[in-house]
Amino acid sequence: MLAYEPFIRLGVFAGVLALMAALEALLPRRARRLDRLVRWPGNFAIVLIDTFAVRLLFPVAAVGFALLMAERQTGLFNQIEIHAGLAAIASMLLLDLTIYAQHIVFHRIPFLWRFHRMHHTDLDLDVTSGTRFHPVEILFSLLIKFAVIALIGPPAVAVLLFEVLLNAGAMFNHANLRIPPAMDSILRSLIVTPDMHRVHHSVAPAETNANFGFNLSCWDRIFGTYIAQPEAGHDRMIIGLPDFQDQKVQRIDDMLVQPWKNNRP
């Protein structure tokens, strides 16, 4: 499996992207504010830039780094006797908790928020929003992930599965997808659903600073950052940030320089 990592990740990315885009067309949750032709070029361009930046600066990705740690017997699970399955499950839980905590930190620290807020300036939410991250944030995130991998020594296969699930989950929970309330209630007892995560993209500060989870919904409930529904309702809520409501925030040139523009955190 590990030998085919790039193909697995690309295949899942393309498959989930196509599936979510098709479902959004059939079962949209909200009316689009902007045409996809306005938003998608910038959102796809940033994916290409992010990919290039990571490959240029970090030839060894997270899975390769986990293999290196195993070879050097570095990290908790490379030091203790533990069943491989338990190590994999525990590693994926710890990595997911790390992403939750990292997300909060990127909101709380003004310097980091400047890079993360580009994710929040998308004026609509759909499957492509789940891939819209500033390249500097991507690089910071990878460094954090490397540190956690060095600390816990997760099995490389667990890192691969987590990376695939994180990417697929982000596209799913950003999707403009209508899920029946009863099904949403069942799903969000375990995972972050589109309705749950959409609250996080509200212009209302209290809602922007809630629902930080990406995969598992339990972290928000455990740590008191969970809000069930937006106060204005899903149909009337405004997506984005108050100071970034101009359509130009969808252009790739504007997206890249947004961290250096003045805006309150």
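Our structure is the block above this text.
Cut-off values and rules
Residues numbered from 1 in each chain as written. Predicted model: local features only at pLDDT ≥ 70, side-chain atom pairs only at ≥ 80, totals over all residues. Heavy atoms only, no water. Helix = DSSP H or I, 4+ residues; strand = E, 2+ residues; numbered from the N terminus. Rg over C-alpha atoms; globule rule 2.2 N^0.38 Å. Buried < 20%, exposed > 50% of the residue type's maximum accessible area, 1.4 Å probe, protein only. Contact = heavy atoms within 4.5 Å. Areas by Shrake-Rupley, 256 points an atom, 1.4 Å probe, with all protein chains shown as cover. Lys, Arg positive; Asp, Glu negative; His and termini not counted. Charge placed at Lys NZ, Arg CZ, Asp CG, Glu CD. Core = buried A, V, L, I, M, F, W, Y, C linked by side-chain atoms within 4.5 Å. Axes fitted to C-alpha atoms, helices over the stretch in contact; angles between N-to-C directions. Parallel < 35°, antiparallel > 145°, perpendicular 65-115°, else oblique. Left-handed = near helix turned anticlockwise from the far one by under 90°. Nonpolar A, V, L, I, M, F, W, Y, C, P; charged D, E, K, R; others polar. Polar contact = N/O pair within 3.5 Å; in protein donor to acceptor, adjacent residues only side chain to side chain. Phe/Tyr/Trp six-rings, centres within 6.5 Å; stacked < 30°, edge-to-face > 60°. Arc of directions from axis to C-beta.

(A) Main features of the overall build of the protein. Counting its secondary structure elements, the protein contains twelve helices and zero strands. Since a compact globule built from 265 residues should have a radius of gyration of about 18 Å, the 18 Å found for the protein is in line with a globular shape. Along the longest, intermediate and shortest principal axes, the C-alpha atoms of the protein span 55 × 40 × 35 Å. Classification of the 265 residues of the protein by burial places 51% in the buried group. Considering only residue pairs separated by 6 or more positions, the protein has 76% of its internal contacts joining residues 24 or more positions apart. Looking at the protein as shown, the accessible area adds up to about 12,500 Å², and 70% of this sits on carbon and sulfur atoms. Computed over 23 positive and 22 negative side-chain charges, the separation of the two mean positions in the protein equals 4 Å.

(B) Just the nonpolar core, in detail. The biggest cluster of nonpolar side chains holds 26 residues, and the ones touching the most others in it are Phe 146, Ile 149, Val 159 and Phe 214. Considering each element in turn, this core owes the most residues, seven residues, to helix α7 (residues 156-173). In this structure Val 159 touches Ala 62, Val 63, Ala 66, Leu 95, Ile 149 and Pro 154, once residues within four positions along its chain are discounted. Formed by 13 residues, the second largest nonpolar core is a distinct cluster that contains Met 20, Met 171, Leu 177 and Ile 179.

(C) Fine view of the packing of helix α3 (residues 62-71) against α7. At a closest axis distance of 8 Å, the pairing of α3 and α7 adopts a crossing angle of 165°. Classified by the angle their axes make, α3 and α7 are roughly antiparallel. Taken as a pair, α3 and α7 cross one another with a handedness that is right-handed. Taken together, the residues of α7 that come into contact with α3 (itself represented by Ala 62, Val 63, Ala 66 and Leu 67) are Ala 156, Val 159, Leu 160 and Glu 163. Looking at the contact of α3 with α7, its residues break down into seven nonpolar, no polar and one charged.

(D) Focus on the environment of Glu 163. With respect to the secondary-structure elements, Glu 163 resides in helix α7. The buried category is assigned to Glu 163, whose relative accessible area is 7%. For the pair Glu 163 and Arg 9, spaced 154 residues apart in sequence, the C-alpha separation works out to 8.1 Å. Setting aside anything within four residues of it in sequence, one finds Glu 163 in contact with Arg 9, Ala 62 and Lys 145. A distance of 2.6 Å separates polar atoms of two side chains, one belonging to Glu 163 and the other to Lys 145.

(E) Structural detail: the packing of aromatic side chains. In the structure shown here, the tally under the stated rule is ten aromatic pairs. Look at Phe 58 and Phe 146: their rings are 5.6 Å apart centre to centre, the planes differ by 80°, and that puts the pair in the edge-to-face class. Taken together, the residues Phe 58 in the loop between α2 (36-57) and α3 and Phe 146 in helix α6 (residues 135-152) connect sequence positions 88 residues apart. Given a relative accessible area of 17%, Phe 58 falls into the buried group. Centroid distance Phe 115 to Phe 140: 6.4 Å. Interplanar angle 65°. Geometry classified as edge-to-face. Taken together, the residues Phe 115 in helix α5 (residues 110-120) and Phe 140 in helix α6 connect sequence positions 25 residues apart.

(F) Geometry of α3. All buried positions along α3 are accounted for by Ala 62, Val 63, Phe 65, Ala 66 and Met 69. The arc that holds every buried residue of α3, seen down its axis, measures 160°, which confines them to one face. Contacts made by the buried residues of α3 are with α1 (5-26), α6 and α7. Within two residues after α3, Gln 73 carries a phi angle of roughly 55°, on the positive side.

Remember that the coordinates give geometry; whether it matters functionally is a separate question.
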